[in-house]
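# Breakdown of the fold
Each chain is listed here by its residues.
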Amino acid sequence: DLLDPERLIQCPFVKHHLVRACRFPYHLVKCKESNPEIAKKLATCPFNARHLVPCHDLSNHIMKCSDKAFMEQDIVTGSCEPSQEQVKNGSTWQAPPCDEDWETEVLERSNSAFVW
């Protein structure tokens, strides 16, 4: 099952490393640092950073990559672009409410004596 976080994935740097899917991105970073010579020979897939393939196979991988379909679907449906209503009304982001009172905190600190 591709969605199972406990499934084992083979490391592209050291073939006898089998890593749980949930830990795989972290393992890739560490293993890349530990194996710089192997890392130079591998290229990263533009559709999924977890796909590391030999540099000479990258174009073949791009043609067959299963994650390419997700990117193409996003482009076709335009889901990466904001809706026309969002564009017309501007940003919909709002800052979360803040219950801090910095002036009160400064006054409280200034009244307390500093002891070394």
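Not measured: the values here are computed from a predicted model.

Another aspect to go through is the overall build of the protein. If you tally the helices and strands in the protein, you get six helices and four strands. Helices and strands in the protein line up, N terminus first, as β-β-α-α-β-β-α-α-α-α. When the 116 residues of the protein are sorted by exposure, 19% land in the buried category. Within the protein, residue pairs in contact and separated by at least 24 positions form 14% of the contacts whose partners lie at least 6 positions apart. Split by element, the accessible area of the protein, about 10,000 Å² in all, is 57% carbon and sulfur.

Moving on, we come to the UniProt feature "domain: CHHC U11-48K-type" (unreviewed entry) in the protein. The sites that UniProt annotates as "domain: CHHC U11-48K-type" (unreviewed entry) are residues 8-35 and 42-69. End C-alpha atoms of residues 8-35 are separated by 20 Å, and the span's content is 39% helix alongside 21% strand.

Here we take up the state of the cysteines. According to the stated counting rule, one finds zero disulfides in the structure shown. Cys 11 supplies the cysteine sulfur nearest to Cys 31, a cysteine that is in no disulfide, at a spacing of 3.6 Å. On the basis of relative accessible area, Cys 31 is assigned to the buried category, the value being 5%.

With that settled, the discussion passes to the nonpolar core. Formed by Ile 9, Cys 11, Phe 13, Val 14, Val 19, Ala 21, Phe 24, Leu 28, Cys 31, Ala 39, Leu 42 and Leu 52, the largest nonpolar core amounts to twelve residues. Leave out the neighbours within four places in its chain, and Leu 28 touches Pro 12, Phe 13, Ala 49, Arg 50 and Leu 52.

Along the chain, Val 14 turns up in the loop between strand S1 (8-10) and strand S2 (18-20). Residue classification places Val 14 among the buried residues on the basis of a relative accessible area of 16%. Residues Val 14 and Cys 31 lie 17 residues apart in sequence; the distance between their C-alpha atoms is 7.9 Å. In contact with Val 14, other than residues within four places in its own chain, are Cys 31 and Asn 35.

Thresholds applied
Residues numbered from 1 in each chain as written. Predicted model: local features only at pLDDT ≥ 70, side-chain atom pairs only at ≥ 80, totals over all residues. Heavy atoms only, no water. Helix = DSSP H or I, 4+ residues; strand = E, 2+ residues; numbered from the N terminus. Buried < 20%, exposed > 50% of the residue type's maximum accessible area, 1.4 Å probe, protein only. Contact = heavy atoms within 4.5 Å. Areas by Shrake-Rupley, 256 points an atom, 1.4 Å probe, with all protein chains shown as cover. UniProt positions renumbered as here; feature names shortened; annotations may be inferred. Disulfide = S-S within 2.5 Å. Core = buried A, V, L, I, M, F, W, Y, C linked by side-chain atoms within 4.5 Å.

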